[in-house]
Amino acid sequence: MGRLTIDLITRGTSGYAKKKRDETPQQYVRRLTHLYLENRNISEVGEELMLCRNLVVLYLYDNCLTDVPCLNHNCNLTHLYLQNNLISKIENLSALTKLSKLYLGGNCITVVEGLEKLQQLQELHVENQQLPAGEQLLFDPRSLNAVSKSLEVLNVSGNKLESLRDLEVLQGLTQLYASDNLLNDIKELSQLLPFWTKLWRLELVGNPLCHKSKYKDKIIIMGKNLGMLDGKEVTDTAKQFLCNWHATRETQKKKREEFTRQGSFTGDLPPVNQHYPLKHSGTRLGYLMPGLPRKEFDEILSRNHGFGEGGPSKIQSGVFRSKQATGYREYRKTTLSSAPLRRNPLTSISIEMTRSLHPMHNIAPF
């Protein structure tokens, strides 16, 4: 580990900014706009960096810094790269009013703060912080409000986040990277996505909510402007299909609710005939719901609980046969043994059974 020196600064430049023969080191560093000091084992930055008055881009990632360097004299900075250091607090940035991109991933930061003066900040990367056990990354509301209109790209992946509610104020977001967190509430996302009207890219891979049924379909429907989800493009065709499908389901749901609210259908199945209920050994065998298609009628029968313990076991031609109807089983055995032999014995059994169950000829079998 070492301290930043003038010698390191002069060697941390590109080939496009070579030192002239008649220049002193101090004169040379004053005209530098880009400084490449990554992976130099730097642990301390002194006053030497203050000489770089025209610095626009500063690369200090992959070092051993424990604090954000004091950059009060580097007011022209627009890009600052400090990822993969040992920084525990965001500070010393109030003078960088022109800063547009800030990279702080892979540090030890627990609170996103100190951004109140960065009203031109467009990108903030604070992914994969080395957090204490059981803690998650926190956000200072003052900092978020300060960058709410300017911030477009936010990377908070790998920070044990259980909620994104604090990010609601960032209405200018176009890209949000929130992978490898603990997000599990799709309902919360449905409430947040309408606020992020400009959001076109969303990364959620590695969160528990990704394992929920049709989670991608739901996210695409809620985020109507999404063009990229979890690294895959969301085509206009797929988006239109899902939106139409969702609209159809919502329309059908409203119709069912309206139908129920008007009292046309209460969910209970009326008997076929109130005066002549069809019973055998205490068990009601037949119900009829006129005007309903076969599929809906069968579904209603399967949900009804008024047919004895265990419910209905078989639906055939509108007649309910219960497994618990012991009398019915005895009747079937008797009819089977007494029926004459014909080409189709099952038809005979059905005819005999229907006549016995409906002794009144003015009631049509069903």
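Procedures and definitions
- Residues numbered from 1 in each chain as written.
- Predicted model: local features only at pLDDT ≥ 70, side-chain atom pairs only at ≥ 80, totals over all residues.
- Heavy atoms only, no water.
- Helix = DSSP H or I, 4+ residues; strand = E, 2+ residues; numbered from the N terminus.
- Buried < 20%, exposed > 50% of the residue type's maximum accessible area, 1.4 Å probe, protein only.
- Contact = heavy atoms within 4.5 Å.
- Areas by Shrake-Rupley, 256 points an atom, 1.4 Å probe, with all protein chains shown as cover.
- Salt bridge = Lys/Arg side-chain N within 4 Å of Asp/Glu carboxyl O.
- Pairing = 2+ DSSP bridges.
- 1 Å grid on protein atoms, 1.4 Å probe; cavity = no way out; pocket = protein on both sides within 12 Å on 5 of 7 lines; lining within 4 Å.
- Points joined across faces, edges and corners; volume = space filled by probe spheres on them.
- Nonpolar A, V, L, I, M, F, W, Y, C, P; charged D, E, K, R; others polar.
- pLDDT = per-residue confidence, 0-100.
- Phe/Tyr/Trp six-rings, centres within 6.5 Å; stacked < 30°, edge-to-face > 60°.
- Core = buried A, V, L, I, M, F, W, Y, C linked by side-chain atoms within 4.5 Å.
- Polar contact = N/O pair within 3.5 Å; in protein donor to acceptor, adjacent residues only side chain to side chain.

Remarks on the overall build of the protein
Scanning the protein from N- to C-terminus turns up nine helices and 18 strands. When each of the 366 residues of the protein is scored for burial, the buried share is 39%. Across the protein, the fraction of contacts at a sequence separation of at least 24, relative to all contacts at a separation of at least 6, is 42%. In the structure as shown, the protein presents an accessible area of about 21,200 Å², 50% of it carried by carbon and sulfur atoms.

A word on unusual backbone geometry
Note on backbone geometry: most residues besides glycine have negative phi, and most peptide bonds are trans. A positive phi is found at Asn-84, a non-glycine position, where the angle reads about 60°. Relative to the helices and strands, Asn-84 resides in the loop between strand S5 (79-81) and strand S6 (101-103). Its relative accessible area of 40% is what places Asn-84 among the partly exposed residues. The residue Asp-230 is not glycine, and still its phi comes out positive at about 55°. With respect to the helices and strands, Asp-230 occurs in the loop between strand S13 (228-229) and strand S14 (232-233).

Thoughts on the pattern of salt bridges
Scanning all chains against the criterion turns up eight salt bridges. A salt bridge links Glu-48 to Arg-3; the shortest N-O distance between them is 3.9 Å. Of this pair, Glu-48 sits in the loop between strand S3 (42-44) and strand S4 (57-59) while Arg-3 sits in strand S1 (residues 2-3), and the two are 45 residues apart along the sequence. Across the pair Glu-123 and Lys-101 runs a salt bridge, and its minimum N-O distance is 3.6 Å. A residue pair is termed long-range when its members are at least 10 positions apart, and Glu-123 in strand S8 (residues 123-125) and Lys-101 in strand S6 qualify at 22 residues. Within the structure, one salt-bridge network assembled from shared partners comprises Arg-3, Glu-44 and Glu-48.

Observations regarding the sheet that holds S13
Sheet strands associate in pairs through backbone hydrogen bonding, adopting either a parallel or an antiparallel arrangement. Strand order in the open sheet formed by ten strands is S2-S4-S5-S6-S8-S10-S11-S12-S13-S14, with mixed pairing between adjacent strands. Every interior strand has two partners, whereas the edge strands, strand S2 (34-36) and S14, have only one. With three bridges connecting them, strand S10 (residues 153-155) and strand S11 (residues 175-177) associate as parallel partners. From the neighbouring strand, Val-153 faces S11, where its bridge partner is Gln-175.

Some points on the environment of Leu-60
In this structure, Leu-60 sits in the loop between S4 and S5. On a C-alpha basis, the gap between Leu-60 and Tyr-103 in space is 9.9 Å, while along the polypeptide they are 43 residues apart. Among all residues touching Leu-60, those that are not within four sequence positions of it are Leu-37, Ile-42, Val-45, Leu-65, Pro-69, Tyr-81, Leu-82 and Asn-85.

Examining empty space enclosed by the protein
Counted by the stated rule, this structure contains one cavity of 30 Å³ or more. One number sums up the size of the largest cavity: a volume of about 40 Å³. Along the walls of the largest cavity sit Glu-162, Leu-164, Leu-183, Asn-184, Asp-185, Glu-188, Leu-189 and Leu-209, which together make up its complete lining. Looking at the lining of the largest cavity residue by residue, the class counts come to four nonpolar, one polar and three charged.

Let's talk about the confidence of the model for the protein
Chain-level statistics for the protein give a pLDDT mean of 78 and a share of 68% at 70 or above. Counting interchain partners and residues more than four positions distant, the pLDDT-below-50 stretch residues 283-289 has 30 contacts.

Examining the packing of aromatic side chains
Under the criterion given, the structure shown has four aromatic pairs. Pairing Tyr-59 with Tyr-81 gives two aromatic rings, centres 4.5 Å apart and planes at 20°, and the pair type is stacked. Here Tyr-59 is found in strand S4, whereas its partner Tyr-81 is found in strand S5, with 22 residues between them in sequence. Owing to a relative accessible area of 18%, Tyr-59 belongs among the buried residues under this scheme. A ring pair is formed by Tyr-81 and Tyr-103, whose centres lie 4.5 Å apart and whose planes are at 10°; its orientation type is stacked. Residue Tyr-81 is located in strand S5, and its partner Tyr-103 is located in strand S6; the two are separated by 22 residues in the primary sequence. Judged by its relative accessible area of 16%, Tyr-103 falls in the buried class.

Considerations on the nonpolar core
Ranked by size, the top nonpolar core spans 66 residues in total, and within it Leu-58, Leu-164 and Leu-176 carry the most contacts. Listed by contribution, the elements that provide at least two residues to this core are helix H1 (6-11), helix H2 (25-30), helix H4 (186-192) and helix H5 (215-222). Those residues in contact with Leu-58, other than ones at most four positions away along the chain, are Leu-35, Leu-37, Leu-49, Leu-71, Leu-77, His-79, Leu-80 and Tyr-81.

Regarding the side chain of Asn-63
The residue Asn-63 is located in the loop between S4 and S5 in this model. A relative accessible area of 6% means that Asn-63 is categorised as buried. A polar contact is formed between the side chain of Asn-63 and the backbone nitrogen of Asn-41, at a distance of 2.9 Å.

Focus on the environment of Lys-187
Relative to the assigned elements, Lys-187 resides in helix H4. Given the relative accessible area of 60%, Lys-187 is considered exposed. For the pair Lys-187 and Lys-218, spaced 31 residues apart in sequence, the C-alpha to C-alpha distance is 10.0 Å.

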